[in-house]
Amino acid sequence: MNKKTIWMISIVIVVLAIILIGRGSAKKDELNTIKIGAVLPMTGIAANYGENHSNAIKLAINEINAGGGVLGKKLELVLENDGTDPKRTVAAFQKLTDIDKVSVVIGGVWDFLANAVMPVIDAKKITTISPSTASDMLDKTSDAFFTVFPPISIHQPIVEKYLKAEAGEKVAIIYINNAWGKAHLETYKKAVTAAGKTLVKVVELSKFDNNDIQREITLLKSDSPDILLTAVNLVDPKLIIEKNKELALNAHIFGHDNILASYLNQGINNDVLEGTVIYRLALPDNQFIQNYKSIYGKDPISEADKAYDAVYIIKKAIELSKDTSSQGIALGIRKIKNYDGVSGPLDYTSNNWPTVETARLEIFDGKSFVPYLEEK
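Right, let's walk through the structure included here. Everything numeric in this text was worked out from a predicted model, so none of it was measured.

Bringing the environment of Lys125 into the picture now. Note that Lys125 resides in the loop between α4 (111–124) and β4 (127–130). The spacing of Lys125 and Leu320 is 195 residues in sequence and 20 Å in space, taken between C-alpha atoms. In contact with Lys125, other than residues within four places in its own chain, are Val120, Ala144 and Ser326.

Within this model, the largest pocket holds a volume of roughly 360 Å³. Elements supplying a minimum of two residues to the lining of the largest pocket: α2 (47–66) and α9 (258–265). The biggest single contributor to the lining of the largest pocket is α9, with four residues. Residue composition of the lining of the largest pocket, by class: nine nonpolar, four polar and four charged.

This part is about the packing of aromatic side chains. Inspection of the entire model under this criterion finds 15 aromatic pairs. Geometrically, the ring pair formed by Trp110 and Phe208 is tilted, given 5.2 Å between the ring centres and 40° between the ring planes. Here the residue Trp110 occupies a position in the loop between β3 (104–107) and α4, and Phe208 occupies one in the loop between β7 (198–205) and α7 (213–221), the gap between them amounting to 98 residues. On the basis of relative accessibility, which here comes to 24%, the residue Phe208 falls in the partly exposed class. Ring centres 5.1 Å apart and planes at 40° place the aromatic pair Tyr308 and Tyr312 in the tilted group. Residue Tyr308 and its partner Tyr312 are both found in helix α12 (residues 304–321); the two are separated by four residues, about one turn of the helix. The exposure class assigned to Tyr312 is buried, which follows from its relative accessible area of 17%. An aromatic cluster is present here, built from Phe288, Tyr292, Tyr296, Tyr308 and Tyr312 joined pairwise through their rings.

Scoring rules and cut-offs
- Residues numbered from 1 in each chain as written.
- Predicted model: local features only at pLDDT ≥ 70, side-chain atom pairs only at ≥ 80, totals over all residues.
- Heavy atoms only, no water.
- Helix = DSSP H or I, 4+ residues; strand = E, 2+ residues; numbered from the N terminus.
- Contact = heavy atoms within 4.5 Å.
- 1 Å grid on protein atoms, 1.4 Å probe; cavity = no way out; pocket = protein on both sides within 12 Å on 5 of 7 lines; lining within 4 Å.
- Points joined across faces, edges and corners; volume = space filled by probe spheres on them.
- Nonpolar A, V, L, I, M, F, W, Y, C, P; charged D, E, K, R; others polar.
- Phe/Tyr/Trp six-rings, centres within 6.5 Å; stacked < 30°, edge-to-face > 60°.
- Buried < 20%, exposed > 50% of the residue type's maximum accessible area, 1.4 Å probe, protein only.

In short, shape yes, function no, at least from these values alone.
As structure tokens, then:
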């Protein structure tokens, strides 16, 4: 055997050794990590939600890893952008489960995204946690699907409270024609009846957002509603509030805290916003707000606190079940009782969604949204 041959064999041996060492190292890293998948709308119409969710998830994972991880293992995030497109949501879930081999996914951010991927979740039995889809917004559900967001219907009492305190008897409702809007419509109707008010008109918006609000407000003028209950997305709140003033409808505006998001992101003049009332889920824990703001330079909005809690729910579930498989995580979640999350108390012993959270009312006082009709 000549020197050249010996030299070539030596190189091959070295290369094979490096490959084997690399594979061994990768295998070791794999055994010491727990992959968490996330399917978020980082682009598209829900990009604001995706950004806030992503920030909160990363914050939680970094905290947990800094504290030693879960059962001695570090959490690893595998993030997929679905572009707020149901087809991409389905493709992203399939990639995470088939290629990345994650045991749990955070995603299905809005109702039409969750509804699109539900057959995949159910077929694969992949444990999934949504930060912002309510159970009464789903066409169907799965034993493997959990949410940190409570049902829309549990907010009927807070809407009743507002209506009973508001002057005027005639109420109109304007809502977006999707599962989220329809869930609000039913809740609003029941609240109007319970409050002893009169529902004079229901206006359905055909587009997801950025509708012809001038036309809709003009139609409402013939009914002269004293109160306008809204369930709309992120651009339409600004248009409704401005056209309410401009076209002299002058109804008292009430709605979901998408109005707050519209104010922060779209810009609404303080003078036209004054007196507008929103309902919000429980304010996040102050420490969470401070931590989020110190890292990202802005307040957490759009259910960022619930995305953060989703990670800690996974951590708690693994600790309870001592099992990192998808089935083990699901079993662990169902053992979580009265867990003190930054978004409020969470209990999954009866349902795959929390039902104990109560909303609060806030009114814009000309400068900011402040508590409204709080119990003394």
